[in-house]
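So you can see what is in the structure, the chains are spelled out below.
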Amino acid sequence: MHSANHWGGSLEIANGDSTTEDDNRSRNNLDWDRASANHYNYDHQRSLHETQQSWLLGPPEKKKKKYVDLGCVVCSRKALKYTIYGIVIAFIVIGLPTIVAKFWPKQKPRPIPPDNYTLALQKALIFFNAQKSGKLPKSNGIPWRGNSGLQDGSKLTDVKGGLVGGYYDAGDNTKFHFPISFAMTMLSWSVIEYEHKYRAIGEYDHIKDLIKWGTDYLLRTFNSTATKIDKIYSQVGGALNNSRTPDDHYCWQRPEDMNYERPVQTATSGPDLAGEMAAALAAASIVFRDNTQYSRKLVKGAETLFAFARDFGKRTSYCRGNPYIEPFYNSTNYFDEFMWGSAWLYYATGNKTYISLATTPGLSKNSNANFMIPDLSVLSWDNKLPAAMLLLTRMRIFLNPGYPYEEMLSSYHNITSLTMCSYLERFHVFNFTKGGLIQLNHGRGQPLQYVANAAFLASLFVDYLNATGIPGWNCGPYFLSLDDLRSFATSQMNYILGENPLKMSYIVGYGNKFPRHVHHRGASIPTGKTKYSCTGGWKYRDTKNPNPQNITGAMVGGPDKFDKFKDSRTNFSYTEPTLAGNAGLVAALVSLTGSGGYGVDKNIIFSAVPPLYPMSPPPPPPWRP
């Protein structure tokens, strides 16, 4: 059957098997279209169904957050979880390595081994422990020493507790206050300049204790609470030359066994003794600047002593005509002590009266400072002139005060430079042994104390110039490097430590070869319950056997001008140590050691010195309309 096709063609409807290939292809296409249509209808219905649901149910419900109640705080469980994770991770990454690093056994870096100067210095300080008189502390560290001299000055009515304490001078049992004072000044000076070195080697507290042992005693030798005094106790014990009665020279006894009379010497005048004592207390007051009360006590005592020294009616030497002192520690001048004491008092107080005195032309003239006499360039317990001028040169180098001090300070600086030149062998001012030891005392006995003092001054002068960037100094027409002067100081100290023809150390206990027959009563007599009488100890003085105790750190008198040395107890010029000599040794060694670094402390000594120039005025207030 045909029906009309209103779209411009016939529409054929076939039934049965009368289909053609095109019909089959069309049917297949129709099947695909039907399937597609069915899929479309399903998706469309599902989308429509979901849309209808959304119309009915509204937006989908959000997932609820879970919270944790921590009592005072409520927080998200998720935030808490991440916080805990963060803490755990931070502990693993940061905390755990820190704990391990802190508690893991560490191998400490090995300290730099001390140099020879440090080793010798530590021993040299022990000598002072062995020389102590009085009631010794348990920490004194010398097993063969005990309490001694407990009755010294007990008959004096104006000294509470007597004159107990202080130091024995040398191998005998006498307390000479003049060299004791010089020794304390030298030790204090070395601490002021090289405190950092003493700290580095662990000896700072030790040397302060040694100084205080001396200054405490010196404060008892005069009325230190007064502003004006009329006497000083200048010595305890002693002996007369060629005496045959029991005293400190005739008897050979340990200090612990002394049972003879020990007279006290009194000086009613003494510019030299009082000047040196003032220097000792003033220098020590700078060392103890952190102990305000004790430092002020030292300053007060120093000013009282210096007023006594400057009293025009008391200008006779402390030892003149005194047979117990003059043959042993005779002072040849006192103007050097005036310069020395006034310089230290200026640094200790800042009082310009003292620096004005130290730079007075008349003082320089009376002390013969300007004459460049070789012997006056040798520092000793008797001659402080080269040390005083170097101390004042320090002021010019670091403070440059200008007028009115510049002229004299410039003169002291020039003389100090020439003194350093005189120590050098090339200028032929002093002889040298073939082994290289300078002969500052012209070949006489006990040369090493002068050598150590010169080495200290030379080393200190080098450090002063180095601190200001000055590479050398002038010796006449020659400009010399500071290395030349440092080499002098090191060569002399190396000689003392064993670089000499005998390959012997002259410091007991240092090195493998050192004196074994030291002229020293305490070290030469066996310890024990037996107390030897005045003459009973002679057998230990005269024996050829070595001392039963080594007096560690003692620098003996030293060799002769031919580099020969007699290790004999009876040859005291070779084998006797002294307090003043060892103080110079300590100062020289600490100046040369590299422990704690090189150079001086530029400022400590000026702690009490006020500004030399007027302070700048404060700025004007801001302008206001």
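Just above sits the structure.
Remember, predicted model here, so these are calculated numbers, not experimental data.

1. As for the overall build of the chain
- From N to C terminus, the chain includes 18 helices and nine strands.
- Looking at the 625 residues of the chain, the share that counts as buried comes to 51%.
- Long-range pairs, those at least 24 residues apart, make up 73% of the contacts in the chain between residues at least 6 apart in sequence.

2. Digging into the pattern of salt bridges
- Taken as a whole and assessed by the stated rule, the structure comprises 18 salt bridges.
- One salt bridge connects Glu195 with Arg289, and the closest N-O pair in it is separated by 2.9 Å. Remark: Arg289 occurs in the loop between helix 6 (271-287) and helix 7 (292-310) and Glu195 occurs in helix 4 (residues 177-200); sequence separation between them is 94 residues.
- Look at Arg289 and you get partly exposed, because its relative accessible area is 26%.
- For Arg254, the salt bridge goes to Asp257, with nearest N and O atoms at 4.0 Å. With respect to burial, Arg254 and Asp257 carry one shared label: buried.
- One network of salt bridges, with partners in common, ties together Arg145, Arg254, Glu256 and Asp257.

3. Some remarks on the sheet that holds strand 7 (residues 264-267)
- Read from one edge of the open sheet, three strands run 5-6-7, paired in antiparallel fashion. Since the sheet does not close on itself, it has two edges, and those belong to strand 5 (175-176) and strand 7, each with one partner.
- Inspection of the sheet shows strand 6 (residues 232-236) paired to strand 7 by four bridges, in the antiparallel sense. Residue pairing in the sheet places Gln235 in a bridge with Gln265 of strand 7.

4. A look at helix 18 (residues 579-592)
- Look at helix 18: 20 Å from first C-alpha to last across 14 residues, which is about the 20 Å you get at 1.5 Å a residue.
- For helix 18, the buried fraction is high: 14 of the 14 residues fall into the buried class.

5. Regarding the environment of Cys319
- Among the secondary structure elements, Cys319 is positioned in the loop between helix 7 and helix 8 (335-349).
- Residue class for Cys319 comes out buried when judged on its relative accessible area of 0%.
- Each C-alpha atom of the pair Cys319 and Ser331 lies 7.0 Å from the other, and the pair is twelve residues apart in sequence.

6. A closer look at a nonpolar patch on the surface
- On the surface, a cluster of nonpolar side chains totalling about 820 Å² of accessible area is made up of Tyr82, Ile84, Tyr85, Val88, Ile89, Ile92, Val93 and Ile94.
- Among the structural elements, Ile84 can be located in helix 2 (residues 77-103).

7. Re the packing of helix 4 against helix 5 (residues 204-220)
- Axis separation between helix 4 and helix 5 bottoms out at 10 Å; the angle between their running directions is 155°. By the angle class used here, helix 4 and helix 5 are roughly antiparallel. Crossing hand, helix 4 versus helix 5: left-handed. Between helix 4, through His177, Ile180, Ser181, Met184, Leu187, Ser188, Ser190, Val191, Glu195, Tyr198 and Arg199, and helix 5, the contact on the second element is made entirely by Tyr204, Ile207, Leu210, Ile211, Gly214, Tyr217 and Leu218.
- Class assignment of the residues belonging to the contact of helix 4 with helix 5 gives a composition of eleven nonpolar, five polar and two charged.

8. A closer look at unusual backbone geometry
- Cis peptide bonds are those with omega within 30 degrees of zero, and the linkage from Tyr403 to Pro404 qualifies with 5°.
- Here Pro404 shows up in the loop between helix 11 (385-398) and helix 12 (406-422).
- At Asn368, a position not held by glycine, the phi torsion is positive, near 60°.
- Considering the arrangement of structural elements, one finds Asn368 in the loop between helix 10 (361-366) and helix 11.
- For Asn368, a relative accessible area of 29% puts it in the partly exposed group.

9. What to know about the packing of helix 3 (residues 116-130) against helix 18
- For the pair helix 3 and helix 18, interaxial distance at closest approach is 9 Å and the crossing angle is 155°. Our classification of the angle between helix 3 and helix 18 gives roughly antiparallel. Seen from above, helix 3 lies across helix 18 with left-handed handedness. Between helix 3 and helix 18, the contacting residues are Tyr117, Ala120, Leu121, Ala124, Leu125, Phe127 and Phe128 on the first element and Leu579, Asn582, Ala583, Leu585, Val586, Leu589, Val590 and Leu592 on the second.
- Per-class residue counts for the contact of helix 3 with helix 18 are 14 nonpolar, one polar and no charged.

10. As for the packing of aromatic side chains
- Summed over the entire model, instances satisfying the criterion amount to 29 aromatic pairs.
- Residues Tyr329 and Trp381 carry aromatic rings whose centres are separated by 4.8 Å and whose planes lie at 75° to one another, so their mutual orientation is edge-to-face. Taken together, the residues Tyr329 in the loop between helix 7 and helix 8 and Trp381 in the loop between helix 10 and helix 11 connect sequence positions 52 residues apart.
- On the numbers, 5.9 Å between centres and 85° between planes, the contact of Phe565 with Tyr574 is edge-to-face.

11. Thoughts on the nonpolar core
- Core analysis: the biggest nonpolar cluster contains 161 residues, and Trp189, Trp344, Tyr347 and Trp473 have the highest contact counts within it.
- Broken down by element, the residue count for this core peaks at 14 residues, all from helix 13 (residues 448-467).
- With residues near it in sequence (within four places) discarded, Trp189 still touches Trp340, Trp344, Ala387, Leu390, Leu391, Phe456, Leu457, Leu460 and Tyr464.

12. A word on the state of the cysteines
- Counted by the stated rule, this structure contains two disulfides.
- At a sulfur-sulfur separation of 2.0 Å, the disulfide partner of Cys251 is Cys534. On the sign convention where negative means left-handed, the S-S torsion of about -90° between Cys251 and Cys534 marks this disulfide as left-handed. Of this pair, Cys251 sits in the loop between strand 6 and strand 7 while Cys534 sits in the loop between helix 15 (521-524) and helix 16 (538-542), placing them 283 residues apart in sequence. Across the pair, exposure class does not vary: Cys251 and Cys534 are buried alike.
- Between Cys421 and Cys475 runs a disulfide, and the two sulfur atoms are separated by 1.9 Å. Across the disulfide from Cys421 to Cys475, rotation about the S-S bond amounts to roughly -95°, and the bridge is consequently left-handed. Residue Cys421 is located in helix 12, and its partner Cys475 is located in strand 8 (residues 472-475); the two are separated by 54 residues in the primary sequence.
- The class for Cys421 is buried, based on a relative accessible area of 6%.
- Going through the chain in sequence order and numbering each bonded cysteine, the pairs you get are 1-4, 2-3.

13. Focus on the environment of Leu357
- Relative to the elements of secondary structure, Leu357 occurs in helix 9 (residues 352-358).
- For Leu357, a relative accessible area of 16% puts it in the buried group.
- On a C-alpha basis, the gap between Leu357 and Met339 in space is 7.5 Å, while along the polypeptide they are 18 residues apart.
- Dropping the residues within four chain positions of it, Leu357 is found in contact with Phe306, Arg310, Ser342 and Leu363.

What counts and how
- Residues numbered from 1 in each chain as written.
- Predicted model: local features only at pLDDT ≥ 70, side-chain atom pairs only at ≥ 80, totals over all residues.
- Heavy atoms only, no water.
- Helix = DSSP H or I, 4+ residues; strand = E, 2+ residues; numbered from the N terminus.
- Buried < 20%, exposed > 50% of the residue type's maximum accessible area, 1.4 Å probe, protein only.
- Contact = heavy atoms within 4.5 Å.
- Salt bridge = Lys/Arg side-chain N within 4 Å of Asp/Glu carboxyl O.
- Pairing = 2+ DSSP bridges.
- Expected span 1.5 Å × (residues − 1).
- Patch = residues over 30% accessible without salt bridge, like charges linked within 9 Å, V, L, I, M, F, W, Y side chains within 5 Å.
- Areas by Shrake-Rupley, 256 points an atom, 1.4 Å probe, with all protein chains shown as cover.
- Axes fitted to C-alpha atoms, helices over the stretch in contact; angles between N-to-C directions.
- Parallel < 35°, antiparallel > 145°, perpendicular 65-115°, else oblique.
- Left-handed = near helix turned anticlockwise from the far one by under 90°.
- Nonpolar A, V, L, I, M, F, W, Y, C, P; charged D, E, K, R; others polar.
- Phe/Tyr/Trp six-rings, centres within 6.5 Å; stacked < 30°, edge-to-face > 60°.
- Core = buried A, V, L, I, M, F, W, Y, C linked by side-chain atoms within 4.5 Å.
- Disulfide = S-S within 2.5 Å.

Without other data, these values stay purely geometric and don't point to any function.
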